[in-house]
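If you want the building blocks of each chain, they are given just below.
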Amino acid sequence: MKLSSRGRGCCVAGSRERGPPPRSPFVHQLRFSPLEKTKIAFMTLTLFPIRLFFAAFMMLLAWPFAFIASMGCDEQELEKPLSWWRKIVDILLKAIMRMMWLAGGFHWINVKGRRALPAEAAILTVAPHSSYFDAIPVTMTFASIVMKAESKDIPVWGTLIKYIRPVFVSRSDQDSRRKTVEEIKRRAQSGKWPQIMIFPEGTCTNRSCLITFKPGAFIPGVPVQPVVLRYPNKLDTITWTWQGPGALEILWLTLCQFHNSVEIEFLPVYIPSEEERKNPVLYANNVRRVMAEALGVPVTDYTFEDCQLALAEGQLRLPSDTCLLEFAKLVRSLGLKPETLEDDLDKYATRAMKMKKEKAGLKQFSAYLEFPVSHTLESMFALFDENEDGIIDVREFVIALSVVCKPSKTLETIQLAFQLYQSENGTITEEDLAQILKTAMGVSQINVTHLFRAVDEEEKGKITYDDFYRFAELQPHFAEDYLYPDQMVAESGLETSSLSAPNGICTDFSPENAEDKNKPLQKKWN
């Protein structure tokens, strides 16, 4: 696969086209100077325990008010205007929550713009989503949010959650996501419920760009108010994303900062056009563009699924310049569905084996995939047209699709690749191995000489899959040791991921993912 202007995605901020984000939006790295380390050590012994105790006390203090206010509230009562005593409880709880954030070093919260009335915008879309500290606007507004149903059973926290009348998503109910979208639509169109606050990215990023918005918040087709968050701190201890400091470490480091800044900006209400009402994806993309312009960051077609691909716990870790993320985007754009991707992979692999080493032009590639020629198909073809001579090896497409389909199952992909490239006696050459691994990692060049020699112990100049498998069993970190001992550490920082879960206080409820029931990664915070 190649890395060229024809084969790379681009990010857009406003009307300006940019290249891919300079770093993965799912990775956050912290580096401390000696002075900062000294400061953190001092604050850990002095201010940190006081702040932690006070913040916990404020949360416990809020619990009885939320519990009493939530008792005996049926749906009909919730749709009525707040009674005088609930208004008092609202004010008390907001004051208590504000004191809790004050204990965390958020001495003042800079709010820009005007929050729209529920009649003006029933849904508030908040981005970028980067931390559990994004709960600050939730506690300021007490808007309803989308949460997993299990959250209501968490002691203390669950009671506070129930008080704001969230929309619950049940993981045990296979139809839950569709029901959630219907409930959001019902509330948004009723004009009686509180506003719903939704984080449309569906997972946490490092705020370097805005990733693809899930369409769930835009399906009702009602006006939304975009809300952007900024944390203009010299040292970013706020961000809690896929790879980087964990939840407790982020809490500790943030409480050790003397002051933490946060800005909340309410942008003008976005009223959808008739076309946007009919097309939630278009609506979501246009709102994202407006929010990106306000933030001064690019937008990118990275998605929640790309994050799983980039940080999959397989033996081949993708480098930062991989074009497999672009390939994964094109796979989605082409219309290949996640729930049928493994069946599609088997079908395309069988066809590729019959073609053997036969190359394909664009029309043959279109017939091979059974998709008409389109801009998306042309872009995908260009990724594999390394020499720009108008022909590609469809075996490379199958390998790339296998990585996207099974990102953590490296050996299964390599076994499939051996079946595609092996000779009649079941062997491949060093050149074949280079092509296989180059495609599996989505890079333009790779040196496999050291790896091939290590596998080819008898120096026959060819290896079988059994040879490779035995070697991989003895050397599970063969990629780091033989392919890129320095590159992965220096470039991407993806090599040491111990994370097994994404973050986020809002769950992903978009209906197009309703059947993704076997994802290995689950959310920590919902």
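Predicted model, so just to flag it, every value in this text is computed and none were measured. (Residues numbered from 1 in each chain as written. Predicted model: local features only at pLDDT ≥ 70, side-chain atom pairs only at ≥ 80, totals over all residues. Heavy atoms only, no water.)

Describing unusual backbone geometry
- Between Ala-127 and Pro-128 the backbone carries a cis peptide bond, its omega angle lying at -5°.
- Examined against the element boundaries, Pro-128 turns out to sit in the loop between strand 4 (123-127) and helix 5 (136-141).
- The backbone of Phe-142 sits at a positive phi, close to 55°, despite the residue not being glycine.
- Tracing the backbone shows Phe-142 in the loop between helix 5 and strand 5 (144-148).
- In this structure, Arg-207 takes a positive phi of about 70° despite not being glycine.
- Among the residues examined, Arg-207 registers a relative accessible area of 16% and is labelled buried. (Helix = DSSP H or I, 4+ residues; strand = E, 2+ residues; numbered from the N terminus. Buried < 20%, exposed > 50% of the residue type's maximum accessible area, 1.4 Å probe, protein only.)

A closer look at the UniProt feature "transmembrane region" (unreviewed entry) in the protein chain
- Residues annotated by UniProt as "transmembrane region" (unreviewed entry) correspond here to residues 40-68.
- The span residues 40-68 carries 97% helix and 0% strand; its end-to-end C-alpha distance comes to 40 Å. (UniProt positions renumbered as here; feature names shortened; annotations may be inferred.)

Regarding the confidence of the model for the protein chain
- Averaged over all residues, the pLDDT of the protein chain is 82; the fraction at 70 or higher stands at 82%.
- Mean pLDDT across the elements of the protein chain ranges from a minimum in strand 1 (residues 11-13), with 36, to a maximum in strand 9 (residues 263-266), with 98.
- Under a pLDDT of 50 for its full length, residues 3-22 has, in the predicted model, 46 contacts with residues more than four places off or in other chains.
- A low-confidence stretch, residues 486-526 stays under pLDDT 50, and its non-local contacts, those more than four residues away or across chains, total 135 contacts. (pLDDT = per-residue confidence, 0-100. Contact = heavy atoms within 4.5 Å.)

Focus on the sheet that holds strand 6 (residues 167-169)
- A sheet is described by the order of its strands in space; here seven strands give the open sequence 3-9-8-4-7-5-6, paired in mixed fashion. The open sheet has two free edges, formed respectively by strand 3 (110-112) and strand 6, since each of these has just one partner strand. When strand polarity is set aside, the average angle formed by the axes of neighbouring strands in this sheet is 25°.
- Inspection of the sheet shows strand 4 paired to strand 8 (residues 224-230) by five bridges, in the parallel sense. Looking at the pairing, Leu-124 lines up with Gln-225 of strand 8.
- Where helix 10 (residues 280-295) meets the sheet, it contacts strand 4 and strand 8, and its direction lies at approximately 40° from that of strand 8. (Pairing = 2+ DSSP bridges. Axes fitted to C-alpha atoms, helices over the stretch in contact; angles between N-to-C directions.)

Considering the UniProt feature "domain: EF-hand" (unreviewed entry) in the protein chain
- Here the UniProt feature "domain: EF-hand" (unreviewed entry) sits at residues 372-407 and 443-478.
- Taken as a whole, residues 372-407 contains 61% helix and 0% strand, while its terminal C-alpha atoms sit 27 Å from one another.
- With 50% helix and 6% strand, residues 443-478 has its two end C-alpha atoms placed 17 Å apart.

Regarding helix 14 (residues 362-369)
- For helix 14, the complete set of buried residues consists of Phe-365, Ser-366, Tyr-368 and Leu-369. The buried residues of helix 14 occupy an angular sector of 160° when projected down its axis, which confines them to one face. Of the exposed residues in helix 14, those oriented more than 90 degrees away from the buried face are Lys-363 and Ala-367.
- The inward-facing, buried residues of helix 14 contact helix 12 (324-334), helix 13 (341-355), helix 15 (375-384) and helix 16 (394-405).
- In the segment just after helix 14, Glu-370 is the residue with positive phi, at about 65°. (Arc of directions from axis to C-beta.)

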